[in-house]
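# What the coordinates show
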Amino acid sequence: MASTLFRYDDGAVPNILALGYMAAGYLAGVGLLVAQAWWLNALGVLLLAHALTYSAYFLHEFAHGAIFKSNAANQRGGTAMSWINGSCYAPFADLRRKHMRHHIDRADVITFDYKRFLREAPAWVRALVLALEWAYIPAVEFIMRAYVMLLPFIAPERAAGRRRILAVLAVRLAFFAALAWVSPKAVLLYFVAYLLFVTVLRFADAYQHTYDAFAVLTGGSIPNDKVRDHDYEQHNTYSNLVSLGHPWLNLLLLNFSYHNAHHEKPTVPWYRLPTLHRELYADDGTQVLPMAGLLRGFHRHRVQRVLSDDYGVVTTGADKAQDFHGAVGVSFLTAV
């Protein structure tokens, strides 16, 4: 059964264990939010945030068809993950299509230019967003998610998606209403866990590329202003590893941090990426950015990076990440 279901012969055990942990962690995390003891609530927030993180990275695996043999099974898996992590307002096919452009075009291609939106917005809107970002609330990420929900109502060519948006919203609201009926505190704690989840993903996303970013209409082309070949891809991609000395810690992000290896062979599954990284790069750490060295810059540039068109400078040596500003609004969980 497993040999006919999973794409790779060695995929059954790691995928069943990881998906099982994600599902059990989500259910247990939500359950712990309802508990009376504060320490159980805290554990629930962390467990829920990590389960949401795994659901996002499994969505990415399904988008690359790296889990199941059939496209239909990967489609169903990706759709299920989107319902868990809240990216379900966009069809999984749209999420996948946008992410494939990231690999094919070797660029960050978006439909909604949030920087232009903020620059042209009233001063108080821009100030509010920057104040929230200063307070570590990922306002830009929520603007991008809101745009996904609003797009069918503001773009006539997307009008066919209105009924779907309303249906998804009704289901999501019913879930949170039921949770609030059981425990209003649990809804607040769920939001805290979601904030933590989004922050973890944006921290990882911020430092994995120095690609050019383009706001183009759906299906539009990016400028042919430079050669974006394999060398460009690898030299503008970084492996922001959770740990160099303890590789197992990279499982906290489902090995998504081995990003150069992923871009070299996008259909290699998550559990093979550490081995692939060693085979490809051995002791060459040119493109490796340990996450411990990124924390200071993530804090220092948290407001500046919101409107900046400059990634900053990635130098060599122990301090190579200090002036790397990072990217914002490039999540694979939004289809814009």
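Everything numeric in this text was worked out from a predicted model, so none of it was measured. All residue numbers refer to positions counted from 1 along the written sequence of the respective chain. Restriction of local features to residues with pLDDT of at least 70 applies here, the model being predicted, together with a cutoff of 80 or more for giving and counting side-chain atom pairs; totals for whole chains, interfaces and linings are based on all residues. Only heavy atoms go into the side-chain values, all of them from the structure, while hydrogens and water stay out.

## Considerations on the overall build of the protein
The line we're drawing: In this description a helix means any DSSP run of H or I spanning at least four residues, a strand means any run of E spanning at least two, and both kinds are numbered starting from the N terminus. Each radius of gyration reported is based on C-alpha atoms, and the globular scaling rule is 2.2 Å times the count of residues to the power 0.38. Two residues qualify as a contact provided that any one of their heavy atoms is within 4.5 Å of a heavy atom in the partner residue. Per-residue and other accessible areas follow the Shrake-Rupley method at a 1.4 Å probe size, with only the shown protein chains counted as cover for residues. The convention is simple: Lys and Arg are positive, Asp and Glu are negative, and His and the chain ends are not counted. To locate a charge, the coordinates of NZ of Lys, CZ of Arg, CG of Asp or CD of Glu are taken.
Helix and strand counts for the protein come out as 15 helices and two strands. A globule of 336 residues ought to have a C-alpha radius of gyration of about 20 Å, and the protein, at 20 Å, matches this closely. Considering only C-alpha atoms, the protein reaches an extent of 55 × 55 × 40 Å along its principal axes. When contacts within the protein are restricted to residue pairs at least 6 apart in sequence, those whose partners lie at least 24 apart make up 70%. Summing over all exposed atoms, the protein offers an accessible surface of approximately 16000 Å²; the carbon and sulfur share of this is 66%. Mean positive and mean negative side-chain charge positions of the protein (30 and 25 charges, respectively) differ by 9 Å.

## Remarks on the packing of helix H2 (residues 12-33) against helix H3 (residues 38-63)
If you want to describe how two helices pack, look at the angle between their axes and the distance between the axes. Note the threshold: Orientation is described by axes fitted as lines to C-alpha atoms, over the contacting stretch for helices, and by angles from 0 to 180 degrees between their N-to-C directions. Helix crossings fall into two classes, left-handed where the near helix is turned counterclockwise from the far one by less than a right angle and right-handed where it is turned clockwise.
Contact pair H2 / H3: the axes reach a minimum separation of 7 Å and the direction vectors enclose 145°. Both H2 and H3 take part in a crossing whose hand is left-handed.

## Re the packing of aromatic side chains
Here is the rule we go by: Only the six-membered ring of Trp is used, alongside the rings of Phe and Tyr, when aromatic pairs are assigned; centres must lie within 6.5 Å, and planes under 30 degrees apart are stacked while those over 60 apart are edge-to-face, with the rest tilted. Categorising residues by exposure relies on relative accessible area from a 1.4 Å probe, with only protein chains included: less than 20% of the type maximum marks a residue as buried, more than 50% marks it as exposed, and the intermediate range marks it as partly exposed.
Using the criterion set out here, one finds 24 aromatic pairs in the structure. Ring geometry for phenylalanine 58 and tryptophan 270: centres 6.2 Å apart, planes at 75°, overall edge-to-face. Of the two residues, phenylalanine 58 is situated in helix H3 and tryptophan 270 in the loop between helix H12 (259-264) and helix H13 (273-281); the sequence distance between them amounts to 212 residues. Owing to a relative accessible area of 0%, phenylalanine 58 belongs among the buried residues under this scheme.

## Comments concerning helix H8 (residues 139-154)
The α-helix advances 3.6 residues per turn, and as a result positions three or four apart in sequence lie on the same side. We count it as follows: For a helix, the expected span equals 1.5 Å multiplied by the number of residues minus one. We define the bend at each residue as the angle formed by axes fitted to the 7 residues ending at it and the 7 residues starting at it.
End to end, H8 covers 21 Å across 16 residues, agreeing with the expected 22 Å (1.5 Å per residue, within 8%). Where H8 bends most, the angle comes to about 35°, and this point is valine 148, followed within four residues by the proline proline 152. Structurally, H8 contributes buried residues whose contacts are with helix H6 (114-120), helix H7 (123-134), helix H9 (162-182), helix H10 (184-206) and helix H15 (304-307).

## Examining unusual backbone geometry
One non-glycine residue, tyrosine 136, lies in positive phi territory at about 65°. In this structure, tyrosine 136 sits in the loop between H7 and H8. With a phi angle near 60°, asparagine 255 is a residue other than glycine that sits in the positive phi range.

## As for the environment of histidine 301
Along the chain, histidine 301 falls in the loop between helix H14 (295-300) and H15. Residue class for histidine 301 comes out buried when judged on its relative accessible area of 5%. Spatially, the C-alpha atom of histidine 301 lies 30 Å from that of cysteine 88, the residues being 213 residues apart in sequence. Those residues within four positions of histidine 301 in sequence are excluded, and the remaining contacts are Gln322, Asp323, Phe324 and His325.

## Section: the side chain of glutamate 61
Put simply, the rule is: Salt bridge criterion: a side-chain nitrogen from Lys or Arg within 4 Å of a carboxyl oxygen from Asp or Glu.
Tracing the backbone shows glutamate 61 in helix H3. The buried charged residue glutamate 61 lacks any salt bridge, with arginine 7 as its nearest oppositely charged partner at 8.9 Å. Residues contacting glutamate 61, with those up to four places away along its chain left out, are Ala66, Ile67, Leu254, Pro269 and Trp270.

## Focus on the pattern of salt bridges
Scanning the entire structure with this criterion turns up 13 salt bridges. Between aspartate 105 and arginine 101 there is a salt bridge, with its nearest N and O atoms 2.9 Å apart. With a gap of four residues between them, aspartate 105 and arginine 101 both fall in helix H5 (residues 92-105), about one helical turn apart. Across this residue pair, the class does not change: aspartate 105 and arginine 101 are buried. It is possible to trace a salt-bridge network through shared partners that takes in Asp212, Asp225, Lys226 and Arg228.

## A look at the nonpolar core
Definition in use: As used in this record, nonpolar core signifies buried Ala, Val, Leu, Ile, Met, Phe, Trp, Tyr and Cys residues forming a set joined through side-chain atoms within 4.5 Å.
Grouped together as the largest cluster of nonpolar side chains are 78 residues, with contacts concentrated most on Phe58 and Tyr190. For this core, the elements supplying multiple residues, two or more each, are H2, H3, helix H4 (71-85), H5, H6, H8, H9 and H10. Broken down by element, the residue count for this core peaks at twelve residues, all from H3. Judged by nonpolar contacts, the second largest core, of eight residues, contains Leu241, Val268, Tyr281 and Val288.

## Some details on the environment of arginine 101
Here arginine 101 falls in the buried class, since its relative accessible area comes to 19%. Spatially, the C-alpha atoms of arginine 101 and asparagine 41 are 40 Å apart, while their sequence positions differ by 60 residues.

## Digging into empty space enclosed by the protein
The condition is simple: Only protein atoms enter the 1 Å grid used here, on which a cavity is any set of points holding a 1.4 Å probe that cannot leave and a pocket is any open set flanked by protein within 12 Å on both sides along at least five of seven lines; residues with an atom within 4 Å of a point are listed as lining. Grid points are joined across faces, edges and corners, and a volume is the space filled by probe spheres set on the points. Each residue is assigned to one class: nonpolar for Ala, Val, Leu, Ile, Met, Phe, Trp, Tyr, Cys and Pro, charged for Asp, Glu, Lys and Arg, and polar for all the others, Gly among them.
This model, assessed by the stated rule, comprises six cavities of 30 Å³ or more. If you trace the largest cavity, you find 18 residues lining it, with His99, His102, Asp108, Val330 and Phe332 closest to the centre. When contributions to the lining of the largest cavity are tallied by element, the ones reaching two or more residues are H5, strand S1 (108-110) and H10. Of the residues contributing to the lining of the largest cavity, the split by class is nine nonpolar, six polar and three charged. The volume enclosed by the second largest cavity comes to roughly 70 Å³. Every residue along the wall of the second largest cavity is listed here: Glu141, Arg202, Asp205, Ala206, Phe298, Arg305, Ala327, Val328, Gly329, Val330 and Ser331.

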